[in-house]
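# Inside the fold
Take a look at the letters that make up each chain.
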Number of protein chains: 2
Amino acid sequence: MFRTAELGRKVSKSDFKAREPELREQLLELQQKLRESGRFPVVLLFAGVDGAGKGETVNLLNEWMDPRWLRTRAFGHPSDEERERPPFWRFWRELPGKGRIGLFLSSWYSEPVLKRVYGETDETEFDRQLERITLFENALVEDNALILKFWMHLSRDAQKKRLKSLEKDPLLKWRVTKQDWEHWKKYDDFLSAAERTIMRTSTGQAPWQIVEGYDPHYRSLTVGEIVRDEIAKRLEEMDVRDRMAAKLEEARSAPLAVIGETAEQTEAQSPVTILSSLDMEQKLARADYRIELKKQQGRLNLLQREARAKGISTVLVFEGPDAAGKGGSIRRITAALDARQYQVIPIAAPTDEERAHHYLWRFWRHLSRAGRVSIFDRSWYGRVLVERVEGFASEPTWRRAYAEINDFEQQLVEHGIVLVKFWVHITKEEQLARFQAREQTPHKRWKLTEEDWRNREKWDDYALAVNDMVERTSTARAPWVLVEGNDKPYARVKVLTEVCNAVERALGKSGKKG
Amino acid sequence: MFRTAELGRKVSKSDFKAREPELREQLLELQQKLRESGRFPVVLLFAGVDGAGKGETVNLLNEWMDPRWLRTRAFGHPSDEERERPPFWRFWRELPGKGRIGLFLSSWYSEPVLKRVYGETDETEFDRQLERITLFENALVEDNALILKFWMHLSRDAQKKRLKSLEKDPLLKWRVTKQDWEHWKKYDDFLSAAERTIMRTSTGQAPWQIVEGYDPHYRSLTVGEIVRDEIAKRLEEMDVRDRMAAKLEEARSAPLAVIGETAEQTEAQSPVTILSSLDMEQKLARADYRIELKKQQGRLNLLQREARAKGISTVLVFEGPDAAGKGGSIRRITAALDARQYQVIPIAAPTDEERAHHYLWRFWRHLSRAGRVSIFDRSWYGRVLVERVEGFASEPTWRRAYAEINDFEQQLVEHGIVLVKFWVHITKEEQLARFQAREQTPHKRWKLTEEDWRNREKWDDYALAVNDMVERTSTARAPWVLVEGNDKPYARVKVLTEVCNAVERALGKSGKKG
């Protein structure tokens, strides 16, 4: 794999001097265009053999381009705030926004590769980590991120020569550390891990570029030119896509009639979905409710104190039709907890900073430190619910969201986070009754908006979307709990009981049936 | 001071039950209004004697109000990411945005008070810390934040009784820790520190409310009613202010002519400012430039490596007229540094999240971890420059900004951060020449906007603003360096040299004159 990167390619100083000014100008211009378009982020990733010029290349790119719109990051040991979240949290928080360029040294590849080289992980675990990386990068790429990965290469001998020559120079000596020589001794292991990494994570959309690192002129020009060409290409692609999208939009005016027809059809007969199978008549008598509520709240309080002490976090997701009683259920949970230990995160329209990132970014940023309870009032499922039904997300976009969501949730669960997702359901008739009641109560009227009525018209579309969502994202460790919500007391006790059961299981106790 | 809070005030259970529902409803309604107005944040702070019900009150408020728009925070030991920034960074990052309510337990008062009680600080140091708090709260209050501080009180005997009774209850026993009893033994010291705290930090705008904490019903209603009344009052005040502002705006149409007149006057004769005293003829020959540049860049590289190892951060601020060469100077600095160790932060329009906070919030959030160089391309001085000149900030607003900025910078400096502020200056003629050159160079034309021409018309206003700014914010440890920028080589070398000198001084070496 690396043989072609050991050919001793060089660029003479005079050649470099001749080509550099034009390249710099082009890079600056493209950076400017990228920023103006604000259409996608660029992620440049540098890995490879020590001494092959990763750091120097990054420094040079910072010199060539406008440093105000570049962001360079290197990841050392995670901070305590980082350790308390799933491992990829630290990478998500440093991702560049649309229109910006992020340069990453010792990125998400470093730890997996080093651990493999030093035998701390076996091949299966290593592959699993590479798979995780691929999912991560794919999610970014699908959101139009341009990811360029450079493997800066040196042969074993060339590396030795390079380290020795650095050590001889009194001004550069500091660059060579003990660790570099230790790594060098592991050269063959390192290369075999690298080969596997590149094989497994070189995707069509985020390929690795192997760059011979011996000659600074050669490697700088090579990297610079690839960056230039790829940004230019992507900018052009985005233009083409925009034009095509505009045409598609035009062409769409006709087929709408067909969609209307289907809608009429479903009007006549509601679709059979998982929601149809719920026994919406379930009830809890007032007296039983009072007793059960207190009991489960007491149980939750004790369990959460234990979870806090053990650093086990809980993430609860609430989705459901308007007026289903999500807020009421949430308040019955928070009432049982110490206010220091939980946060409720209401998901409404994204802020402009959030809009400049991948849609999962705003959920990643809200993950709390160890031992806390995070309650999402609406969530990342918006993409496959409201965004799907209202057409805010295109079909390919919401379809791939299932996989992205599963991957995201798997990371939470693998980090030891307790994750429970509630669909609080009510019947269409019950919703109408609640809307009408809200209209008649002055201090509740603000809760009811035009949008609520509009959403109601798409009841069946939502039912189908919920059906698909549960089918595709209910996993053993991140289950959906469907809550029959027509009777509020019943729903609240069910939610509380399920939360308790889940925390109890995580604490290693037998999860009792509530 | 606390005697009136030891009267044994009580509210009977029946009375509480009668008053609670209405209070809850009013709080919910006000919370809703606050959120809709989005005009100011509410900061509720709870301190006081252990066992006086701080935590319980906060939990109750979370139950009474809509938890989605509340945020409760308690500060324990700072994380490593927090320790690497000035102490108040952690408080700034948790402040609620406009329209939200933040509840703080063990807030910015905890550490100063406890350290004083345990004799770790003397009275002078304690007073200094309280002064810092007052400045912090004042800055928020001036930005319309509503700050309510509750001191929950118990007499010595009442506290003992309370702790004992908690210990007897098997369900509440866990609440009493060894620390609580240790604090209790220090009751008198604690109270004297508290008294001083309240005396020194009870300002007209952010007063302390002393609440007798023995009876849960009494204290809950008292706190709830104060919160209700103060939010209602502030909402009303904001309405009145808005109406007055609208009237003022109307009345303003006339005086504009007078301002025009003044502008004409100054046209004839430019004001004498600190900028007039600069020798703008200073130059550096091309050959000397090359040598000096390399020399200072090499020096900076070595110094920064040492600073990095010692965890000393550097913050550089660049201000100056359009086309003064700020960007060029910044690039000469970054070229000398490892891209991992610096970030350039271009300050343009705030994002909507930033707009929802105090104007200093967006600079606090950019402070980097220990050992890094942060370069601000334009900065917090925008308030006393462009915002003042363009009238975006009212006169009282920009006037008080000097003190806020000085306080902010003092915190950086006290944390050991090297702070240097550059005003890169050019003459009006030189600016014209550079604008014209930009117009004639195709790939530089984008750098020149309509706004640049408009700013130019207000040259003298800016000169006055700069004069005031330097006068009020140039301190020994956070000096302004005025850079004669007509000759780019001279300016760049001067900037580099000053940065080196400052870092060198911080490293405890004698700051050489460059």
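What you see is a predicted model, and the numbers here were worked out from it, not measured in a lab.

So, on to the overall build of chain A. For chain A, the count of helices and strands is 21 helices and 10 strands. Projected onto its principal axes, the C-alpha coordinates of chain A cover approximately 85 × 60 × 35 Å. The burial tally for chain A puts 39% of its 514 residues in the buried class. Across chain A, every contact between residues at least 6 apart in sequence was considered, and the portion connecting residues at least 24 apart equals 81%.

With that settled, the discussion passes to the sheet that holds strand 2 (residues 70-74) of chain A. All names here are of chain A. Strands sit in the order 2-3-1-4-5 across an open sheet of five strands; the sheet is parallel. Every interior strand has two partners, whereas the edge strands, strand 2 and strand 5 (208-212), have only one. Between one strand axis and the next, the sheet turns by 20° as a mean value, whatever way the strands run.

All names here are of chain B. Interhelical geometry of helix 12 (residues 286-310) versus helix 21 (residues 488-506) gives an angle of 25° and a closest axis separation of 9 Å. Relative to helix 21, the element helix 12 lies roughly parallel. The hand of the helix 12/helix 21 crossing is left-handed. Along the contact surface, helix 12 presents Arg-286, Tyr-289, Glu-292, Leu-293, Gln-296, Gln-297, Arg-299, Leu-300, Leu-303, Gln-304 and Ala-307, while helix 21 presents Pro-489, Arg-492, Val-493, Leu-496, Thr-497, Val-499, Cys-500, Val-503 and Glu-504. Of the residues contributing to the contact of helix 12 with helix 21, the split by class is 11 nonpolar, four polar and five charged.

Attention now moves to the environment of Asp-66 of chain A. Residues and elements named next belong to chain A. Topologically, Asp-66 is positioned in the loop between helix 2 (54-64) and strand 2. For the pair formed by Asp-66 and Gln-32, sequence separation is 34 residues and the distance between their alpha carbons is 8.7 Å. Beyond its immediate stretch of four places on either side in the chain, Asp-66 contacts Leu-28 and Gln-31.

What follows deals with the interface of chain B and chain A. Often, the extent of an interface is quoted as the loss of accessible area upon association of its parts. Listed by partner, the interface residues are 34 residues for chain B and 34 residues for chain A. Counting residues per element, the ones that place at least two in the side of chain B that touches chain A are helix 1 (13-37), helix 2 (54-64), strand 2 (70-74), helix 3 (80-83), strand 3 (101-105), helix 13 (326-334), strand 7 (342-346) and helix 14 (352-355) of chain B. The element that contributes the greatest number of residues to the side of chain B that touches chain A is helix 2 of chain B, accounting for five residues. Tallied by class, the residues present in the side of chain B that touches chain A amount to 11 nonpolar, 10 polar and 13 charged.

Okay, the pairing of strand 6 (residues 314-319) of chain A next. All names here are of chain A. For strand 6, the tally of buried residues reaches six of six residues, placing the bulk of the element in the interior. Alternating residues of strand 6 divide into Thr-314, Leu-316 and Phe-318 and Val-315, Val-317 and Glu-319, and every residue in both groups is buried. Inspection of the sheet shows strand 6 paired to strand 8 (residues 373-377) by five bridges, in the parallel sense. For Val-315, the partnering residue across the bridge sits in strand 8 and is Ser-374. Note that strand 6 and strand 9 (residues 418-425) share six bridges and pair parallel. Its bridge partner lying in strand 9, Leu-316 is registered against Val-420.

Residue and element names in this part refer to chain A. Taken in spatial order, the five strands make up an open sheet running 7-8-6-9-10, and their pairing is parallel. Two strands close off the open sheet at either side, each with one partner strand: strand 7 (342-346) and strand 10 (480-484). Looking at each pair of strands side by side, their axes are set apart by 20° on average, direction ignored. Relative to strand 8, strand 7 runs parallel, the two sharing five bridges. Each bridged residue has a counterpart across the sheet, and for Tyr-342 the counterpart in strand 8 is Val-373. Contacts between helix 13 (residues 326-334) and the sheet are confined to strand 6, strand 7, strand 8 and strand 9, with strand 8 contributing the most and set at about 170° to the helix.

It is worth spelling out the domain arrangement of chain A at this point. Residues and elements named next belong to chain A. Taken domain by domain, chain A holds domain 1 (3-244) and domain 2 (277-506). For domain 1 and domain 2, the distance between their C-alpha centres works out to 40 Å. In this complex, domain 1 contributes 16 residues to the contact, which on the side of domain 2 involves 16 residues. Of all elements in the fold, only helix 4 (89-93) and helix 6 (123-142) reach the threshold of two or more residues within the side of domain 1 that touches domain 2. When residues of the side of domain 1 that touches domain 2 are assigned to their parent elements, the largest contribution, four residues, is made by helix 6. Here the residues of the side of domain 1 that touches domain 2 sort into eight nonpolar, one polar and seven charged.

A word on the relation of the copies chain B and chain A. Once chain B is rotated about the relating axis by 180° and shifted along it by 0.0 Å, it coincides with chain A to within an RMSD of 0.0 Å. The superposition of one copy onto the other is thereby described by a two-fold rotation axis. A shared interface surface links the copies, since 100% of the contact residues of chain B are contact residues in chain A too.

The next subject is the environment of Ala-356 of chain A. All names here are of chain A. Examined against the element boundaries, Ala-356 turns out to sit in the loop between helix 14 (352-355) and helix 15 (361-364). In the structure, Ala-356 is positioned 242 residues away from Leu-114 in sequence and 33 Å away in space, judged by C-alpha atoms. When near neighbours in sequence (up to four residues on either side) are disregarded, Ala-356 contacts Gly-97 and Lys-98.

Residues and elements named next belong to chain B. Burial in helix 5 (residues 110-117) covers these residues: Pro-112, Val-113, Arg-116 and Val-117. Buried residues along helix 5 cover an arc of 130° about the axis, so they all sit on one side. Buried residues along helix 5 sit in contact with helix 6 (123-142) and helix 9 (187-201). Within two residues after helix 5, Gly-119 carries a phi angle of roughly 70°, on the positive side.

Turning our eyes to something else, we now look at the confidence of the model for chain A. Residue and element names in this part refer to chain A. Of all residues in chain A, 95% attain a pLDDT of 70 or more, and the chain-wide mean is 90. Across chain A, the secondary-structure element scoring lowest on mean pLDDT is helix 11 (residues 256-268), at 46, and the one scoring highest is strand 6, at 98. In the model, residues 255-267 has pLDDT below 50 throughout and makes two contacts with residues more than four positions away in sequence or in other chains. Listed scores for the predicted complex are pTM 0.85 and ipTM 0.82.

It is worth spelling out unusual backbone geometry at this point. A positive phi is found at Asn-144 of chain A, a non-glycine position, where the angle reads about 80°. Here Asn-144 of chain A lies in the loop between helix 6 and strand 4 (146-153). We note that Arg-378 of chain B has phi near 70°; this positive angle belongs to a residue other than glycine. Along the chain, Arg-378 of chain B falls in the loop between strand 8 (373-377) and helix 16 (386-389).

Attention shifts here to the environment of Glu-430 of chain B. Residues and elements named next belong to chain B. By the element assignment, Glu-430 lies in helix 18 (residues 428-440). By the C-beta count within 10 Å, which is 18 here, Glu-430 ends up partly exposed. When the C-alpha atoms of Glu-430 and Ser-79 are compared, they prove to be 49 Å apart, with 351 residues separating the residues in sequence.

Residues Leu-44, Phe-46 and Trp-151 of chain A together with Val-499 of chain B are the most contacted members of the largest nonpolar core, which totals 117 residues. The element that contributes the greatest number of residues to this core is helix 21 of chain B, accounting for 10 residues. Those residues in contact with Phe-46 of chain A, other than ones at most four positions away along the chain, are Lys-54, Thr-57, Val-58, Phe-104, Leu-105, Phe-150 and Met-152 of chain A. Grouped together as the second largest cluster of nonpolar side chains are 113 residues, Leu-300, Trp-398 and Val-493 of chain A together with Met-152 of chain B included.

The rules behind these values
- Residues numbered from 1 in each chain as written.
- Chains lettered and ligands numbered in written order.
- Predicted model: local features only at pLDDT ≥ 70, side-chain atom pairs only at ≥ 80, totals over all residues.
- Helix = DSSP H or I, 4+ residues; strand = E, 2+ residues; numbered from the N terminus.
- Buried ≥ 20, exposed ≤ 12 C-beta atoms within 10 Å, placed from the backbone.
- Contact = placed C-beta atoms within 7 Å.
- Pairing = 2+ DSSP bridges.
- Axes fitted to C-alpha atoms, helices over the stretch in contact; angles between N-to-C directions.
- Parallel < 35°, antiparallel > 145°, perpendicular 65-115°, else oblique.
- Left-handed = near helix turned anticlockwise from the far one by under 90°.
- Nonpolar A, V, L, I, M, F, W, Y, C, P; charged D, E, K, R; others polar.
- Domains from an automatic or database assignment.
- Least-squares fit on C-alpha atoms with pLDDT ≥ 70 in both.
- Arc of directions from axis to C-beta.
- pLDDT = per-residue confidence, 0-100.
- Core = buried A, V, L, I, M, F, W, Y, C linked by C-beta atoms within 7 Å.

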